[in-house]
Amino acid sequence: FFSEYVEGSGFNKALEIYNPTTATVDLSAYSVKLFSNGAATASSSLTLSGTLAPGATVVICNPSITVTTACNVLSGVINHNGDDAYTLDKGGVVVDAFGQVGLDPGVGWGVAGSGLVTNDATLRRKAPVFRGSVPPASPAVWDLSVEWNAFPNNTLDGLGSR
């Protein structure tokens with residue numbers, strides 16, 4: 001599942017995927033899809049490769065990110081600006097999502113007064129979360145505070161260390 005989302009300045013953008021299971025995962029069965037600006041169809045996708053050990057992460061970064069030490073994969077699919085959705089698919093079935101596919105939230109998703117927003121922030125899945133989820137379809141409100149903690153813009157130090 002997606003365990004960290006970085007929407008920093010410029011091209012400081014990344015997604016971390018975590019394997020919470022006790023088995024090694026074959027990543028070739030998975031793909032990451034980007035749904036730009038409220039689109040209902042993917043604007044780009046990345047089929048993953050290799051394996052992911054139990055308790056390990058894979059970090060996919062925009063090719064122009066300033067700090068690449070935590071990045072395992074550099075890909076143009078990581079090209080979000082706070083109002084774009086992602087899905088993690090396994091064999092064509094969505095197993096996790098970030099954002100609401102088919103909904104353009106304007107600047108980004110957020111919860112009033114919570115400090116949680118998807119633009120200009122780093123979001124990390126809360127420790128008790130051990131599986132993916134799909135936010136409700138529009139027009140329901142996606143309450144990020146249920147599963148995510150917010151950190152300041154350009155917080156990159158947690159990448160790769162779920």
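The structure under discussion appears in the preceding block.
Here is a short report on the structure shown in this document. What you see is a predicted model; the values in this text were computed from it and never measured. Each residue is numbered by its place in its chain's sequence as written, counting from 1. Per-residue local features of the predicted model are confined to residues with pLDDT of at least 70, and side-chain atom pairs are confined, for both listing and counting, to 80 or more; whole-chain, interface and lining totals are unaffected and use all residues. Side-chain metrics rest on all non-hydrogen atoms present in the structure, leaving aside hydrogens and water.

Concerning the overall build of the chain
Move 1: Secondary structure elements are defined from DSSP: runs of H or I of at least 4 residues count as helices, runs of E of at least 2 residues count as strands, and each element is numbered from the N terminus. Secondary structure assignment for the chain yields zero helices and twelve strands.
Move 2: When its helices and strands are written in sequence order, the chain yields β-β-β-β-β-β-β-β-β-β-β-β.
Move 3: This radius of gyration counts C-alpha atoms alone. The globule rule is 2.2 Å times how many residues there are, raised to the power 0.38. In terms of C-alpha radius of gyration, the chain reaches 14 Å, essentially the compact-globule figure of 15 Å for 162 residues.
Move 4: Burial statistics for the chain: of 162 residues in total, 45% are counted as buried. To sort residues, take the accessible area from a 1.4 Å probe on protein chains only and compare it with the maximum for the residue type: under 20% means buried, over 50% means exposed, and anything in between is partly exposed.

Considering the sheet that holds strand β2 (residues 13-18)
Move 1: Each pair of strands is called paired provided DSSP finds at least two bridges between the two strands. Taken in spatial order, the six strands line up as β8-β7-β2-β1-β11-β12 in an open sheet, and their pairing is mixed. Every interior strand has two partners, whereas the edge strands, β8 (73-74) and β12 (148-151), have only one.
Move 2: Where strand β1 (residues 2-7) lies against strand β11 (residues 121-125), four bridges are found, and the strand directions are antiparallel. Within the sheet, the bridge partner assigned to E4 lies in β11 and is R124.

Structural notes on the state of the cysteines
Move 1: Cysteine sulfur atoms are paired as a disulfide whenever they fall within 2.5 Å. Per the counting criterion, the structure on display carries one disulfide.
Move 2: Two residues, C61 and C71, share a disulfide whose sulfurs are 2.1 Å apart. Judged by the sign of its S-S torsion, about -90°, the cystine formed by C61 and C71 is left-handed. Of this pair, C61 sits in strand β7 (residues 57-61) while C71 is found in the loop between β7 and β8, placing the two residues ten residues apart along the sequence. You'll find C61 and C71 in the same group, each marked buried.

Quick word on the side chain of N12
Move 1: Residue position: N12 is located in the loop between β1 and β2.
Move 2: Contact definition: two residues touch when any of their heavy atoms are within 4.5 Å. In contact with N12, not counting residues within four places along its chain, are V6, E7, I65, T66, N154 and L156.

Some remarks on the pattern of salt bridges
Move 1: The term salt bridge refers to a side-chain nitrogen of Lys or Arg lying within 4 Å of a carboxyl oxygen of Asp or Glu. Across all of its chains, the model carries six salt bridges by this definition.
Move 2: For the salt bridge of R124 with D157, the shortest nitrogen-to-oxygen distance reads 3.1 Å. Separated by 33 residues along the polypeptide, R124 in strand β11 and D157 in the segment after β12 bring together distant segments of the chain.
Move 3: What makes R124 buried here is its relative accessible area of 18%.
Move 4: Accessibility expressed as a relative area gives 67% for D157, which makes it exposed.
Move 5: One salt bridge connects E147 with R125, and the closest N-O pair in it is separated by 2.9 Å. Of the two residues, E147 is situated in the loop between β11 and β12 and R125 in strand β11; the sequence distance between them amounts to 22 residues.

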